[in-house]
Protein chains: 2
Amino acid sequence: MKPIKIGICGLGTVGGGTFNVLMRNKDLIAQRVGRPIEIAQIAMRRPNPGCDTSGVSVTDDVYAVADNPEIDILVELIGGCETAKTLVSRAIVSGKHVVTANKALIAVHGNELLAEAEKHKVQVAFEAAVAGGIPVIKALREGLAANKVHTVAGIINGTGNFILTAMEKKGSSFADVLSEAQALGYAEADPTFDVEGIDAAHKLTILASIAFGIPLQFEQTYTEGISGITAEDIQYAHELGYRIKHLGIARARKEGIELRVHPTLIPEKRLLANVDGVMNAVLVDTDAVGPTLFYGAGAGAEPTASAVIADIIDIARGIDSPHHMPALGYQRPLSNELTVLPMDETETAFYLRMSAADHPGVMTQITRILSEEGINIEALLQKEVFEGEQFAAIIMLTHKVKERAVNNAITAIEALDDVNGQVVKIRMDHLEHCNN
Amino acid sequence: MKPIKIGICGLGTVGGGTFNVLMRNKDLIAQRVGRPIEIAQIAMRRPNPGCDTSGVSVTDDVYAVADNPEIDILVELIGGCETAKTLVSRAIVSGKHVVTANKALIAVHGNELLAEAEKHKVQVAFEAAVAGGIPVIKALREGLAANKVHTVAGIINGTGNFILTAMEKKGSSFADVLSEAQALGYAEADPTFDVEGIDAAHKLTILASIAFGIPLQFEQTYTEGISGITAEDIQYAHELGYRIKHLGIARARKEGIELRVHPTLIPEKRLLANVDGVMNAVLVDTDAVGPTLFYGAGAGAEPTASAVIADIIDIARGIDSPHHMPALGYQRPLSNELTVLPMDETETAFYLRMSAADHPGVMTQITRILSEEGINIEALLQKEVFEGEQFAAIIMLTHKVKERAVNNAITAIEALDDVNGQVVKIRMDHLEHCNN
């Protein structure tokens, strides 16, 4: 059969990986698709020393690929939003299918681009945009399509998970581990996107849209990073039977959808709590199946390439057919009935740490404030005061309560004369429905 | 759009679950498919008290569904092989797509049925046949389609995993825990299929075919159950840092494919070692992504229904198109190049336990035998001999070695005067490539 012709835009880490896996597993992939996948053109600014592109038509103009009438599928791996958006849009208009690993592009401009793709009867696929090599978009959109999804909770940023794991194993500070991660190449020189949760929020935006059939709404996603997490809090969490993970959580409640990225205490016996280093995992809890978990490499050249090529194979397998697989798993228009709840309205349990004067009466004041806000304490840890110290650390785990109530209580507690400095607040999730 | 009409054959546990999930999530599923799924007919021997089938055409003749010209998809949930095979074949010949949860049917008669389906241009889908609600067939066939698969290793029988988990937690015997599992409904009155690994072998046969592009060959799958596992071995394994799980393992080696179901020691820190109770998980190790793990409920009415309906949705989404998705992930004919290795040729590490006289020289004899067979010892545990006892338990972990060598060594060791009774042999797998 006639080969499917693809054009790869961008031959950096992911582009290079995609090129190499396509070349290495060429015969295997052709057997699976029923016809060969041919790399007809590559657009790159500079050669990738890890790729032998001899014999392939190369250009430095990405738009040449979008305009190339021979090409069936444009593979966008240049990253960024501006050029990528123009490029993808141009490919769509010229009747090409598009595969991209660009989470920011889909999270921010996906509504527009996917509507455009539908109009032009082409597909835009982005499995590689979330959790790298783990086929979790496919799982949500197809494998679990019979289910009403309650919760998606994922470790979806490998850099953040590497840092938290290392902080825990070594008892080191965030700053020290970040430097180490940068030296190892696990963190960027400017790590903001990863450690402040923006990258995870892009991914969560996409997962939530597929899980709940809502439009992509990155701007509604609450985002809190891990730069404020201390070795002390990790240690206290451990003493209480929890580990701190940077989770993206999307949860459907009767009132609306919670959409939030933040550090989270989870029980240490859960599988999700034991996903370490740069690995990713996404937990999906649904009505029919209950909890499922999808684990694997969330980044890296070849894991991401695997997802890019899976999308290419999917499109190639059905290229002669009209397309019935909606990109976000639902036929348009997507529902606007479910709104994203403001953070104040979200409900979680909390870990609170405060520094209080070591004399009787303080605890009474604190517990009265909590009680007035309807906050129940599930566990309490009061650390020994050493000689010469004036303040003792008090750690509390609360039952599930609205964020607003906890914020009110914290303001009142911080105003007490006997409490020193700020109250540390970390959200907690028992992931109740998970046996493991 | 016109509804897709399905006929459900069998309204037992899985049939009832399928009916209920389809009814409960009707609107959601229609939004995802783009058209409604209508249950046009049900064939059942007796009513299911958990299902309100009023308004649905009901028959006690499964063949009436196969012959019903209104029906697009026949859902085979009657189980067993004889009638199921005739039924599925009749549906295929009459131009219907088929969805089935029947692992035995696919593992034993799949080659024939899938060839027939191809001839008649219909699809036969069986996601529910492996690991219940976990969409692992889709993951292998589509999500990881860019990859060369090295290893598939799964906990794919919930009953067996429940029993091993309970034996470990309580220190109880196999027989005691089995009775308990039977009382709880987790094990059948005749538990042979589950505890002797036949059910897992059916599932592994299917996974291996998709992973490696080989024909289904159930008869080539080595099958060993868990009825010989003792609380003692579980305890010794624990002392050495391992847990015993009943795994289905398919591994591609240069020489051929290993295809085997047996109890296996795995390092206790692996995620797979921490999958407890009736839960299932499948670990897939590939060239591009590395290890991925898929976890969830492997049985039960609604988890299995989720997989059945996912297949229905897949077929429905593409029902107007020519089909390009090969049922086993490869275009036919499947390769016969890769043969399944005889068990003697498989390579694993081993746990060996023997009872030896407590005097010097015995260990020398044993280690000489092992050395002559090229077997290296990785760890050794010699249990204290209590007063009045003549024999001491010796536990050894070996490096990776061919099964034949270990069998030879065991024969020689058992022939020693100073060794009492049989040597217990349990295979071991470090799952080396898994970070978690």
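Everything below is about the structure shown above.
None of these values were measured; they are calculated from a predicted model. (Residues numbered from 1 in each chain as written. Chains lettered and ligands numbered in written order. Predicted model: local features only at pLDDT ≥ 70, side-chain atom pairs only at ≥ 80, totals over all residues. Heavy atoms only, no water.)

Caption draft 1: Focus on the state of the cysteines. Residue and element names in this part refer to chain B. Across all of its chains, the model carries zero disulfides over all chains by this definition. Free of any disulfide, Cys51 has its nearest cysteine sulfur in Cys9, 15 Å distant. Note on Cys51: relative accessible area 10%, which makes it buried. Free of any disulfide, Cys81 has its nearest neighbouring cysteine sulfur in Cys9, separated by 16 Å. (Disulfide = S-S within 2.5 Å. Buried < 20%, exposed > 50% of the residue type's maximum accessible area, 1.4 Å probe, protein only.)

Caption draft 2: Region of interest: the interface of chain A and chain B. Contact residues are listed per partner, giving 59 residues for chain A and 59 residues for chain B. Interface area, chain A with chain B, both sides summed: about 5,000 Å², of which 54% is carbon and sulfur. Applying the counting criterion to the chain A and chain B interface returns four salt bridges. At the junction of chain A and chain B, the tally comes to 28 residue pairs in polar contact (both at pLDDT 80 or more). Contributing elements (two or more residues each) for the side of chain A that touches chain B: α1 (13-24), α2 (26-33), α6 (136-143), α10 (198-212), β12 (290-297) and α12 (301-317) of chain A. With eight residues, α12 of chain A is the single largest residue contributor to the side of chain A that touches chain B. Residues belonging to the side of chain A that touches chain B are distributed by class as follows: 30 nonpolar, 17 polar and twelve charged. Note: β12 of chain A against strand β12 (residues 290-297) of chain B, three bridges, orientation antiparallel. Note that in β12 of chain B the partner of Leu293 of chain A across the bridge is Tyr295 of chain B. (Contact = heavy atoms within 4.5 Å. Buried area = accessible area lost by both parts, 1.4 Å probe. Salt bridge = Lys/Arg side-chain N within 4 Å of Asp/Glu carboxyl O. Polar contact = N/O pair within 3.5 Å; in protein donor to acceptor, adjacent residues only side chain to side chain. Helix = DSSP H or I, 4+ residues; strand = E, 2+ residues; numbered from the N terminus. Nonpolar A, V, L, I, M, F, W, Y, C, P; charged D, E, K, R; others polar. Pairing = 2+ DSSP bridges.)

Caption draft 3: Structural detail: the sheet that holds strand β5 (residues 97-100) of chain A. Residue and element names in this part refer to chain A. Judged by pairing direction, the sheet is parallel, and its six strands sit side by side in the order β3-β2-β1-β4-β5-β6 without closing on themselves. Only two strands of the sheet have a single neighbouring strand rather than two, namely β3 (57-59) and β6 (124-125). Bridging between strand β1 (residues 4-9) and strand β2 (residues 37-43) involves six bridges; their strand directions are parallel. Within β2, the residue paired with Lys5 across the bridge is Glu38. Here α1 sits on the sheet in contact with β1 and β2, set at roughly 155° to β2. (Axes fitted to C-alpha atoms, helices over the stretch in contact; angles between N-to-C directions.)

Caption draft 4: The relation of the copies chain A and chain B, seen in detail. With an axial shift of 0.0 Å and an RMSD of 0.0 Å, the rotation relating chain A to chain B amounts to 180°. Here the copies are linked by what is in effect a two-fold axis. Interface overlap between copies: 100% of the residues of chain A at the interface are likewise at the interface in chain B, consistent with a symmetric, same-surface contact. (Least-squares fit on C-alpha atoms with pLDDT ≥ 70 in both.)

Caption draft 5: Geometry of the side chain of Arg251 of chain B. Residues and elements named next belong to chain B. Note that Arg251 resides in strand β9 (residues 242-253). There is a polar contact of 3.1 Å between the side chain of Arg251 and the side chain of Asp429. Residues contacting Arg251, with those up to four places away along its chain left out, are His150, Thr151, Phe212, Gly256, Ile257, Glu258, Arg260 and Asp429.

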